[in-house]
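For reference, the chains in residue letters:
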Amino acid sequence: MAVRYDDASLAAHPPSLAPDYASTRRRAPSQPLIIIPHTLSELTGPVYGHETVRPGDDDLTRQHAGEPLGERIIVTGRVLDEDGRPVPHTLVEVWQANAAGRYIHVRDQHPAPLDPNFSGAGRVVTDAEGRYRFTTVKPGAYPWRNHPNAWRPAHIHFSLFGPSFLTRLVTQMYFPGDPLFAYDPIFNSIPDPRARDRLVSRFDMDTTAPEWALGYVFDIVLRGRDATPTEEPHDD
Amino acid sequence: MTDPRPDGLTPSQTVGPFFAYVLTPAAYDTPVLFEADIATPDAPGERIRIEGYVLDGDGEPIVDAMLEIWGADGEGRYPGAAAEEPGRNAAFRGFGRTEVDSNGFFAFTTVKPGPVPGPDGAMQAPHVSLGVFARGLLKRLSTRIYFEGEPGNEADPILSLVPSDRRRTLVAPRTTRGADAVYTFTLRLQGEDETVFFAV
């Protein structure tokens, strides 16, 4: 049986060219993408799991001698595929600005303070049910030079592999109710508002740790094989 | 176990300019997980270097891109769990990652893959899959690196889908530098001689 990943769902992604996001103008390909069949080269993929992370990689608040400033948060969720199957034992790499909106990257010139107790780099691996969890501080919004008075909404970057070369995903998680959403050309590059909303995490009191940290839930959906038929019926 | 079918894919967003301290952290305290040199001693195949520049629509170097490669070993095998499947179970890990330098230049060291099975039983010419991420790329760009002089290129089922006048953007010329085989692959994201990118 030929395995084929669904293509129609790719419409959830932004187009390559989104002129309001100025950096796309000279970097987006002008020729249409060429559709190719899914061969072994696309259906296989690098396998990186628990051996790649160290204890503590999932707690960005404990990577230095002291504790970082900012609002401590827990971010958790499940990595699923489009068919609702968990994506187990897959590497999730995360990075973010500190609570003041400053990255430790050498090219970040925003005049907000670096925090000597915060790097903003984390790695986690999903469990058998596709669940991941990490502790960090809520990142700050920061200005950028896309247009006059441009600010990015607070976000955490995510990088995921999934089971094949074509399930690879790099994205950003946002926080509910951010007043900057309406002004952000990166967030708004996603054509479908419902798809956009899938990048907004949900505040969750059950994830919130008493006397310790607020909890946010962010589920991630990677591409699924268009298996025919599925082994198990769906619940819906 | 299957959950209710989710509403749809999580959309892609740009990797941005500030990924290096976790994704390619050689200059930072973060341990490096992925390297540009993946030609491990246990991998069969000819050692090759793949190098080039990443250029924008003005022909200017892009200095904040990340590249990832995925390729089979010299016997055409991909790493994976199902050892009984053809094309599977290499010891070779097959995956490399690097960032471009301040000139937009990158280099990988790997083994030249063998032919791997393609659609309908046809064999594919040796190739390496390549993903490009950068500020200004809202989603990964996917392409393939083919190798000059490979007899399988003419009949390759994927190259055959590419208009003939654009195929050369995917076929890396071979040179030698000392004892090393070097393939040059220049990525032009936009404009004249634009690299062919695939919807996968």
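Residues numbered from 1 in each chain as written. Chains lettered and ligands numbered in written order. Predicted model: local features only at pLDDT ≥ 70, side-chain atom pairs only at ≥ 80, totals over all residues. Heavy atoms only, no water.

(A) Local environment of the overall build of chain A. Of the regular secondary structure elements, chain A holds two helices and 12 strands. Each helix (α) and strand (β) of chain A, taken in turn from the N terminus, gives the series β-α-β-β-β-β-β-β-β-β-α-β-β-β. At 19 Å, chain A has a C-alpha radius of gyration in line with the 18 Å of a compact globule built from 236 residues. Of all 236 residues assigned to chain A, the portion counted as buried reaches 58%. Long-range contacts, defined as pairs at least 24 residues apart, comprise 71% of the intrachain contacts of chain A with a sequence gap of at least 6. Carbon and sulfur atoms make up 56% of the accessible area of chain A, which amounts to about 10,500 Å² in all. (Helix = DSSP H or I, 4+ residues; strand = E, 2+ residues; numbered from the N terminus. Rg over C-alpha atoms; globule rule 2.2 N^0.38 Å. Buried < 20%, exposed > 50% of the residue type's maximum accessible area, 1.4 Å probe, protein only. Contact = heavy atoms within 4.5 Å. Areas by Shrake-Rupley, 256 points an atom, 1.4 Å probe, with all protein chains shown as cover.)

(B) Quick look at the nonpolar core. Core analysis: the biggest nonpolar cluster contains 43 residues, and Val 54, Leu 187 and Phe 198 of chain B have the highest contact counts within it. Put simply, the parts of the chain that give this core at least two residues each are β1 (47–55), β2 (65–71), β4 (105–111), β7 (127–134), β8 (141–147) and β11 (180–184) of chain B. Discounting chain neighbours no more than four positions away, the residues touching Phe 198 of chain B are Leu 33, Ile 34 and Ile 36 of chain A together with Ser 142, Thr 143, Arg 144, Ile 158, Val 162 and Leu 170 of chain B. Val 87, Val 137, Ile 156 and Phe 175 of chain A belong to the second-largest nonpolar core, a separate cluster that totals 37 residues. (Core = buried A, V, L, I, M, F, W, Y, C linked by side-chain atoms within 4.5 Å.)

(C) Fine view of the sheet that holds strand β9 (residues 169–174) of chain A. Residues and elements named next belong to chain A. With respect to topology, four strands assemble into an open sheet ordered β4-β3-β8-β9, the strand pairing being antiparallel. In the strand order of this sheet, the two ends are held by β4 (121–125) and β9, each with one partner. On average, each strand axis in the sheet is tilted by 25 degrees relative to the strand beside it, whichever way the strands run. Here five bridges tie strand β3 (residues 91–96) to β4, and the two strands are oriented antiparallel to one another. For Trp 95, the partnering residue across the bridge sits in β4 and is Ala 121. (Pairing = 2+ DSSP bridges. Axes fitted to C-alpha atoms, helices over the stretch in contact; angles between N-to-C directions.)

(D) Here's a closer look at the side chain of Glu 51 of chain B. All names here are of chain B. Along the chain, Glu 51 falls in strand β1. Engagement of the side chain of Glu 51 in a polar contact is seen with the side chain of Arg 177, the distance being 2.7 Å. The contact partners of Glu 51, leaving out residues within four places of it in the chain, are Phe 105, Phe 106, Ala 107, Arg 177, Val 182, Tyr 183, Thr 184 and Phe 185. (Polar contact = N/O pair within 3.5 Å; in protein donor to acceptor, adjacent residues only side chain to side chain.)

(E) Broad picture of the confidence of the model for chain B. Residues of chain B with pLDDT of at least 70 account for 94%, and the chain-wide mean is 93. Reported confidence for the predicted complex is 0.95 by ipTM and 0.95 by pTM. (pLDDT = per-residue confidence, 0-100.)

(F) Local environment of the pairing of β11 of chain B. Two elements, β1 of chain B and β11 of chain B, share four bridges in a ladder whose sense is parallel. In the strand pairing of β11 of chain B, Ile 50 of chain B is matched with Tyr 183 of chain B.

(G) Summary view of the interface of chain B and chain A. Between chain B and chain A, the residue contacts involve 77 residues of the former and 93 residues of the latter. Summing both sides of the interface, chain B and chain A together bury roughly 7,500 Å²; the carbon and sulfur share of this comes to 59%. In this assembly, chain B and chain A are joined by seven salt bridges. Between Asp 64 of chain B and Arg 27 of chain A there is a salt bridge, with its nearest N and O atoms 3.0 Å apart. (Buried area = accessible area lost by both parts, 1.4 Å probe. Salt bridge = Lys/Arg side-chain N within 4 Å of Asp/Glu carboxyl O.)

(H) Geometry of the packing of aromatic side chains. In this structure the tally under the stated criterion is 23 aromatic pairs over all chains. Consider the rings of Phe 203 of chain A and Tyr 216 of chain A, whose centres lie 5.8 Å apart with planes at 70 degrees: the pair is edge-to-face. With Phe 203 of chain A in strand β10 (residues 202–203) and Tyr 216 of chain A in strand β11 (residues 214–217), this residue pair connects regions lying 13 residues apart in the sequence. Aromatic ring contacts, followed pair by pair, group Tyr 48 and Phe 161 of chain A together with Phe 34 and Phe 95 of chain B into a single cluster. Over the face of the ring belonging to Trp 212 of chain A we find Arg 72 of chain A, whose NZ or CZ atom lies 3.5 Å from the ring centre. Sitting over the face of the ring of Phe 165 of chain A, Arg 140 of chain B holds its NZ or CZ atom 4.2 Å from the ring centroid. (Phe/Tyr/Trp six-rings, centres within 6.5 Å; stacked < 30°, edge-to-face > 60°. Lys NZ or Arg CZ within 6 Å of the ring centre and 35° of its normal.)

(I) Structural context of the layout of surface pockets. Volume-wise, the second largest pocket comes out at about 660 Å³. Lining of the second largest pocket is provided by 26 residues; of these, Trp 144 and Arg 145 of chain A together with Pro 17, Phe 18 and Arg 135 of chain B occupy positions nearest its centre. Split by residue class, the lining of the second largest pocket holds 12 nonpolar, eight polar and six charged. (1 Å grid on protein atoms, 1.4 Å probe; cavity = no way out; pocket = protein on both sides within 12 Å on 5 of 7 lines; lining within 4 Å. Points joined across faces, edges and corners; volume = space filled by probe spheres on them. Nonpolar A, V, L, I, M, F, W, Y, C, P; charged D, E, K, R; others polar.)

(J) Region of the structure containing the environment of Asn 98 of chain A. Residues and elements named next belong to chain A. Within the element layout of this structure, Asn 98 appears in the loop between β3 and β4. In the structure, Asn 98 is positioned 78 residues away from Asp 20 in sequence and 26 Å away in space, judged by C-alpha atoms. Not counting residues within four places of it along the chain, the set of residues in contact with Asn 98 comprises Pro 113, Leu 114, Asp 115, Phe 118, Lys 138, Pro 139 and Gly 140.

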